[in-house]
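Chain by chain, the residues run as shown.
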Amino acid sequence: MDPKIGNGVLSSLLAIKRIYKSSDGDTDFVPLTVFGKQADNFERLTKKGDKVGIDGSIRTNKYADENGEIHYGWAVVVNHFYLLSTKPHNDASRDSSPQLSDATVNSLSTKLNGLVKDSDLPF
């Protein structure tokens, strides 16, 4: 779903790739809602396929449709987002930038596991 923005509110879907295959697919889609300046920045700085980190909370809602039927919904309300993609954001260098495959990232992660302890981190 392309982001929908209006009145300082952005609604979109965040695709989350599962680490295992399943009969109902390997991707989950989480609805996101971003407000205010964050919404403008999210739309301006991200595009489909970018990796982002999200800090927020799950909000539920309840509404009645035109037939009086009650519906329930939920979305992650984004407090902060973090750009995790390593791609530059200018179009000229997008096609020429080297990309790490998932296998390479997983291999490096496995090799580096244990070198940095949680107590070494400042947060």
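Cut-offs and rules
Residues numbered from 1 in each chain as written. Predicted model: local features only at pLDDT ≥ 70, side-chain atom pairs only at ≥ 80, totals over all residues. Heavy atoms only, no water. Helix = DSSP H or I, 4+ residues; strand = E, 2+ residues; numbered from the N terminus. Buried < 20%, exposed > 50% of the residue type's maximum accessible area, 1.4 Å probe, protein only. Areas by Shrake-Rupley, 256 points an atom, 1.4 Å probe, with all protein chains shown as cover. Salt bridge = Lys/Arg side-chain N within 4 Å of Asp/Glu carboxyl O. Contact = heavy atoms within 4.5 Å. Core = buried A, V, L, I, M, F, W, Y, C linked by side-chain atoms within 4.5 Å. Polar contact = N/O pair within 3.5 Å; in protein donor to acceptor, adjacent residues only side chain to side chain.

> Looking at this structure, I do not really get the overall build of the protein chain. What am I missing?
Looking only at helices and strands, the protein chain has three helices and five strands in total. From first element to last, N terminus to C terminus, the protein chain shows the α and β order β-β-β-α-β-β-α-α. Counting all 123 residues of the protein chain, 17% fall into the buried class. A total accessible area of about 9800 Å² is found for the protein chain, and carbon and sulfur atoms account for 54% of it.

> Even after reading the chapter, I still don't get the pattern of salt bridges, so can you show me in this structure?
Pairs can form between side chains of opposite charge whenever their charged atoms are close. Summed over the entire model, instances satisfying the criterion amount to three salt bridges. The partner of Arg18 in a salt bridge is Asp24, and the shortest N-O contact between them spans 2.9 Å. Here the salt bridges do not stand alone but share partners, grouping Arg18, Asp24 and Asp28 into one network.

> Where do I start with helix α1 (residues 36-45) in this structure?
Three- or four-residue spacings in an α-helix give side chains the same orientation, since the helix completes a turn every 3.6 residues. Among all positions in α1, only Ala39, Asn41 and Phe42 are buried. Tucked into the core, α1 has its buried residues touching β1 (4-6), β2 (9-17), β3 (27-35), β4 (52-64) and β5 (70-83).

> What is the right way to read the environment of Leu13 from this model?
Note that Leu13 resides in strand β2. The partly exposed category is assigned to Leu13, whose relative accessible area is 35%. Put simply, Leu13 and Phe29 are 16 residues apart on the chain and 5.8 Å apart in space, counted from C-alpha to C-alpha.

> Just to check I follow, could you spell out the nonpolar core for this structure?
Soluble, globular proteins show a tendency: their nonpolar side chains are buried together. In terms of nonpolar packing, the biggest core is built from eleven residues, these being Leu10, Leu14, Val30, Leu32, Val34, Ala39, Phe42, Val52, Val76, Val78 and Phe81. When residues of this core are traced back to their parent elements, those giving at least two are β2, β3, α1 and β5. Each residue touching Ala39, except ones within four places of it in the same chain, is listed here: Ile5, Gly8, Val9, Leu10 and Val34.

> Would you mind showing me how to read the side chain of Thr46 here?
With respect to the secondary-structure elements, Thr46 resides in the loop between α1 and β4. Judged by relative accessible area, Thr46 falls into the buried class, the value being 16%. A polar contact of 2.5 Å, which involves the side chain of Thr46, links it to the backbone oxygen of Phe42. For Thr46, the residues in contact, after removing those within four places along its chain, are Val52, Phe81 and Leu83.

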